[in-house]
Amino acid sequence: MDRERFKTDILSLRPAMLAVAVKMLGDVDDANDAVQEIMLRIWEMRIRVMRMTNPGGYAMQSLKHFCIDRLRTEKQTVEPDEAVFVCDDTPYTGTEQRDAVALVRQIVASLPRLQRMIIEMRDIEGYEPEEIASVTGMRVATVTVNLSRARKKVRDSFIRINSYKKI
């Protein structure tokens, strides 16, 4: 793809791409950054893009995926350590809760690699089972079975350890 074709096929889409990015990201500066990033990526792979029948459609689709990825990475998640626990029981309740969170993290870390990855993606990062299935290459049913098993192991281990501590 030469400069002239890039100007006609891709740069002419900048206003439309910017409108899509602003709508998705909600911020003009972030949208400008996203459009610029996609323009740069397309220019860097111009030989491959030149062979496409619809490079403009590819540019728009790339922008949408880029915006979705950015929204996912910026998704606000509350770490269990930062969560506010409201209890009126005793002054020691906060310490007990922090210890419980630390214990759950240890238990999750001890899970088999696949179960650990699935429980982290679902319960910590907030991915949907369909998204986890596409990332891992598994069926959705397999993801949900592994997630259920991982949660059961965490729950059983937590109860077993806490019962042992109280004796």
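Preceding block: the structure.
Note that the coordinates shown come from a computational prediction; the quantities given were computed from them, not determined experimentally.

Enquirer: Which residues make up the packing of helix H2 (residues 14-25) against helix H3 (residues 28-44), and what values do they have?
Expert: Between H2 and H3, the least distance of the axes is 8 Å, while the angle of their chain directions is 130°. As the angle between them shows, H2 and H3 are arranged oblique. Here H2 and H3 pass one another in a crossing that is right-handed. Across the interface between the two elements, Arg14, Met17, Leu18, Ala21, Val22 and Leu25 from H2 touch Val28, Asp30, Ala31, Asn32, Ala34, Val35, Gln36, Ile38 and Met39 from H3. Here the contact of H2 with H3 is composed, by residue class, of 11 nonpolar, two polar and two charged.

Enquirer: Report on the environment of Arg3, specifying residues and quantitative values.
Expert: Looking at where Arg3 falls in the secondary structure, it is placed in helix H1 (residues 3-9). Along the backbone, Arg3 and Arg46 are 43 residues apart, and their C-alpha atoms lie at a distance of 9.7 Å.

Enquirer: Provide a residue-level description of the packing of aromatic side chains, including the pertinent values.
Expert: This model, assessed by the stated rule, comprises one aromatic pair. Relative to Trp43, the ring of Phe6 lies with its centre 5.1 Å away and its plane at 75°, an arrangement referred to as edge-to-face. Pair noted here: Phe6 is in helix H1 and Trp43 is in helix H3, with a separation of 37 residues, a long-range link. Given the relative accessible area of 26%, Trp43 is considered partly exposed. Between the NZ or CZ atom of Arg46 and the centre of the ring of Trp43, over which it lies, the distance is 4.2 Å.

Enquirer: Before we move on, could you go through the nonpolar core and cite the residues and values that matter?
Expert: Core analysis: the largest hydrophobic core is formed by 18 residues, its most contacted members being Met17, Ile42 and Leu63. At the level of elements, H2, H3 and helix H5 (55-74) are the ones that each hand at least two residues to this core. Grouped together as the second largest cluster of nonpolar side chains are 14 residues, Leu103, Ile119, Ala133 and Val154 included.

Cut-offs and rules
Residues numbered from 1 in each chain as written. Predicted model: local features only at pLDDT ≥ 70, side-chain atom pairs only at ≥ 80, totals over all residues. Heavy atoms only, no water. Axes fitted to C-alpha atoms, helices over the stretch in contact; angles between N-to-C directions. Helix = DSSP H or I, 4+ residues; strand = E, 2+ residues; numbered from the N terminus. Parallel < 35°, antiparallel > 145°, perpendicular 65-115°, else oblique. Left-handed = near helix turned anticlockwise from the far one by under 90°. Contact = heavy atoms within 4.5 Å. Nonpolar A, V, L, I, M, F, W, Y, C, P; charged D, E, K, R; others polar. Phe/Tyr/Trp six-rings, centres within 6.5 Å; stacked < 30°, edge-to-face > 60°. Buried < 20%, exposed > 50% of the residue type's maximum accessible area, 1.4 Å probe, protein only. Lys NZ or Arg CZ within 6 Å of the ring centre and 35° of its normal. Core = buried A, V, L, I, M, F, W, Y, C linked by side-chain atoms within 4.5 Å.

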